[in-house]
Amino acid sequence: MLCVVYKSPRKEGTYLYVERRDDFSPVPAALLTTFGKPQLVTVINLAKREHLALVDIHKLRTALSEQGFYLQLPPPPENLLAQHKASIQTEKG
């Protein structure tokens, strides 16, 4: 199974995976509008992969077969204030 990866020019760290190059027909129009004009990153042969760096490959395969695309969002930013408060509580307790 091949998949094609595109990055968003508007949303840093956001990637769109589709089954065929330049075929965005399964992707909702509203999502494409928000995503911006997809910029090709790479083509991946999922049959030869057991894992990917930032994507659960099983979720990716399932999404591609069920809905025809997969949207990868960037991880949420670190909440340094919450981490600091938690470390203070640990030191006190």
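It should be noted that the structure appears before, not after, this text.
Residues numbered from 1 in each chain as written. Predicted model: local features only at pLDDT ≥ 70, side-chain atom pairs only at ≥ 80, totals over all residues. Heavy atoms only, no water.

(A) Region of the structure containing the environment of Pro26. Mapped onto the elements, Pro26 comes out in the loop between strand E2 (15-18) and helix H1 (29-35). Sequence separation of Pro26 and Val4 is 22 residues, and the distance between their C-alpha atoms is 13 Å. If sequence neighbours within four positions are ignored, Pro26 has contacts with Gln67, Gly68 and Phe69. (Helix = DSSP H or I, 4+ residues; strand = E, 2+ residues; numbered from the N terminus. Contact = heavy atoms within 4.5 Å.)

(B) Highlighting the nonpolar core. Within the largest apolar cluster, twelve residues are counted, these being Cys3, Val5, Tyr17, Ile44, Leu46, Leu52, Val55, Ile57, Leu60, Ala63, Leu64 and Tyr70. Where this core is concerned, the elements lending two or more residues are strand E1 (2-7) and helix H2 (57-67). Ranked by the residues each element gives to this core, the list is headed by H2, at four residues. Residues contacting Val5, with those up to four places away along its chain left out, are Tyr15, Leu16, Tyr17, Gln39, Leu40, Val41, Thr42 and Ile44. Residues Val4, Tyr6, Val27 and Phe69 belong to the second largest nonpolar core, which totals eight residues. (Core = buried A, V, L, I, M, F, W, Y, C linked by side-chain atoms within 4.5 Å. Buried < 20%, exposed > 50% of the residue type's maximum accessible area, 1.4 Å probe, protein only.)

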